Amino acid sequence: MKIVAKKKLWKYLFWLGPFLITVGLTAGLISEQWGLIPLVFLIAGIVISGLGIIWQSYQSNWWNRRSTQAGTNALVATLAILAILGLINFLGTRYHLRADLTEAQLFTLAPQSRELVRVLPQPVKVWVFDINQNPQDRELLENYQRQSSKFKYEYIDPQARPGLAEKFGVKDYGEVYLESGDKRQLVQTINENERLSEIRLTSRLQQLTNSTTAKVYLLQGHGERQLSPGKDAISQAVQGLGDKNFTTSPLNLGETSKVPQDAAVVIVAGPKRGLFEGEVKALQDYLNRGGNLLLMIDPNTDPKLNSLLQEWGVRLDNRLAVDVSGESVVGLGPAAPLVTEYGQHPITKDFGNGNSFYPIARPLEISSVPGVQATPLLRTKPYPSSWAESDLQSEKLEFNADKDLKGPLTLGVALTRKQTPKSTSTPQVSPTPSPLPSPTTQNKTSPTPSPSPKTPQALPSPTTQSKASPTPPTSPASPAPPTPPASPAPPSPPSPAVSSQTATESRLVVLGNSDFATDGLFQQQLNGDVFLNSVTWLSQQDRQPLSIRPKEPKNRRITLTTTQANLLILSSLLVLPLIGIAIAVLIWWKRR
């Protein structure tokens, strides 16, 4: 009897384990502090419960039962499967493994995009100002985000967060912006017909993260618009260029003989006096070496740029652009043409039928020039709403068929010119060793002044190094030291010779007005966009710096002729069923 009572005592004693576990959990959860007392209760309860289970199994021979072994095996297998699934889920969350099985890799970023995102120097965020989240756009942004933790994106409703939309200057739904530090840049405007482009996003990402900024020079010294705040100044336009990541500096060509090499764009804003011939020549040379120039020329001025404009097929009309259609709308009189018609060009492609106005503007005449592509940007309304007035002294503006020009008038034009720097046709001269290589003047300059006529003959070919060695026999007429460097020189100079053969593009924008960009008018309607977009296009930032081909699914559709389609219909609806019926009848006949 004592042994039975002792067993029951041990049995009840082991119930103390769950009790202590409950006490420990209760104390920890209520106090929200897992200190010494809750841990002591928990550990003691777990130890007592474990000992109770071991003792109970020993007394009842529970482990040797077949049902216990089967249940234990099932429990261990279940726990193992759960552990494996949990481990797979953890690895899948921590390490992304995706396989793009499409032939054209439609859902995989280009190597250039992946490399650019992986080496981001600082965090970058994409802001999509749109209500609807397109799955295709979201998948592309997630592909970028998988490459680096520094790349983030967020969809914003402009109506719900108007302050943020105003900060970025959002004008319509679907605008996508990139932000890195204090730099912001518009990527594109997405809609149902145009989805987010990897090419544009990677291009803008490279421009935004690039430490170098485009340098814009504004010509001064001829009565141009003042850059600092003041009357008729363009300080707001200069500030806008700074917000677009441009660096601006004044330029006086009377002090420097040429345009600086780092000039991405040169702006001539409303000169009141004519330029010197040397200054015009400096601008022409700048354009000839692939430069970009913005001219804003007001009426009643002669900047002496006719020779430059003639090369591009542009002539400044001395008459005044008159527009009577917007007199009541703008409130500036008929001498402030209201423009709502824009050319098909990157500068104006997003303008639609928006308004921009140009107080006291002059029309432009465009003529065709070989090698120059011209696109009118700003056009006034047709006659009788607008015309070019020749009588600038008359207070009453009336159209005179003998002197005036009927509208529509062109107030702005964008021009491009592909040009190859001049180089000699013979390959002997281009790689001549020179401490200051110049593709256009290498046939006139030589490292040795005295034997310059003989040196080109002494180096007959830069590509055949076997002929470069016989140069010493011709060296008696010249000092010996200059000639030995000529033999190792041929391998290095071909690179400038090759680069001189590549075609560069010069860009020119001519506007018949500069008042539209002055303080107060710059922020009105689309005036500021015309100026900023012109400078952005001139800086050639729209040119894709990375060679990323657009990915398109391969067309695997089969085009059938009428005969082939009829044959397919007959074979699928008639021939194949008849074959099946015939086989069934044959099998039935054999088993009959």
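Before any of the text, the structure's been laid out above.
A quick note: this is a predicted structure, and the numbers were derived from the prediction, not measured.

Q: How should I be thinking about the overall build of the protein in this particular structure?
A: Across its full length, the protein carries 16 helices and 19 strands. Scored against the burial criterion, the 592 residues of the protein give a buried share of 37%. Of all intrachain contacts in the protein linking residues separated by at least 6 positions in sequence, the fraction that spans at least 24 positions is 73%. Within the structure as shown, the protein displays about 35,300 Å² of accessible surface, and the carbon and sulfur contribution to it stands at 58%.

Q: It is not clear to me how unusual backbone geometry should be interpreted in this structure. Could you clarify?
A: Of all residues except glycine, most have a negative phi; of all peptide bonds, most are trans. Note the cis peptide between tyrosine 383 and proline 384, where omega equals 15°. Residue position: proline 384 is located in the loop between strand E15 (372-379) and strand E16 (386-389). Omega for the peptide link from glycine 407 to proline 408 comes to 10°, which places this bond in the cis form. Assignment of secondary structure puts proline 408 in the loop between strand E17 (405-406) and strand E18 (410-419). Non-glycine residue asparagine 300 carries a positive phi angle of around 60°. Its place among the elements puts asparagine 300 in the loop between strand E8 (292-296) and helix H11 (306-312). The exposure class of asparagine 300 is exposed, given its relative accessible area of 63%.

Q: So what exactly am I meant to see when it comes to the pattern of salt bridges here?
A: Following the criterion strictly, the structure yields 20 salt bridges and no others. The shortest N-O distance in the salt bridge between aspartate 317 and arginine 319 comes to 2.9 Å. Given a relative accessible area of 3%, aspartate 317 falls into the buried group. Put simply, Arg138, Glu139, Glu142 and Arg146 are held in one network by salt bridges that share partners.

Q: I would appreciate a short explanation of the nonpolar core in the present structure.
A: Most often, soluble globular proteins have nonpolar side chains that are buried together. Core analysis: the largest hydrophobic core is formed by 39 residues, its most contacted members being Ile267, Leu294, Val509, Phe531 and Val535. Breaking this core down by element, the ones donating at least two residues are strand E5 (214-219), helix H9 (235-243), strand E7 (263-269), E8, E15, E18, strand E19 (504-511) and helix H15 (527-538). Every residue in contact with valine 535, bar those within four places of it in the chain, is listed here: Val216, Leu241, Phe246, Val265, Ile267 and Leu294. In terms of nonpolar packing, the next biggest core, distinct from the first, is built from 29 residues, Ala263, Val266, Leu295 and Leu364 among them.

Q: Mind showing me how you'd approach the sheet that holds E17 here?
A: Two modes of strand pairing occur in sheets, parallel and antiparallel, and in both the strands are linked by backbone hydrogen bonds. The sheet built from three strands is open, its strands ordered E10-E16-E17 with antiparallel pairing. Sheet topology places strand E10 (320-323) and E17 at the edges, where each strand pairs with a single neighbour. Two strands pair when backbone bridges link them, and E16 and E17 are joined in this way by two bridges, in the antiparallel orientation. The residue of E17 that forms the bridge with alanine 388 is leucine 405.

Q: Would you mind showing me how to read the pairing of strand E4 (residues 183-189) here?
A: Regular strands have side chains that alternate between both faces of the sheet. In terms of strand pairing, strand E3 (residues 175-180) meets E4 through six bridges, oriented antiparallel. Along E4, the bridge assignment pairs tyrosine 177 with leucine 186. In this antiparallel pair of consecutive strands, E3 and E4, the connection spans two residues, and glycine 181 shows a positive phi of 65°.

Each value, and the rule that gives it
- Residues numbered from 1 in each chain as written.
- Predicted model: local features only at pLDDT ≥ 70, side-chain atom pairs only at ≥ 80, totals over all residues.
- Heavy atoms only, no water.
- Helix = DSSP H or I, 4+ residues; strand = E, 2+ residues; numbered from the N terminus.
- Buried < 20%, exposed > 50% of the residue type's maximum accessible area, 1.4 Å probe, protein only.
- Contact = heavy atoms within 4.5 Å.
- Areas by Shrake-Rupley, 256 points an atom, 1.4 Å probe, with all protein chains shown as cover.
- Salt bridge = Lys/Arg side-chain N within 4 Å of Asp/Glu carboxyl O.
- Core = buried A, V, L, I, M, F, W, Y, C linked by side-chain atoms within 4.5 Å.
- Pairing = 2+ DSSP bridges.

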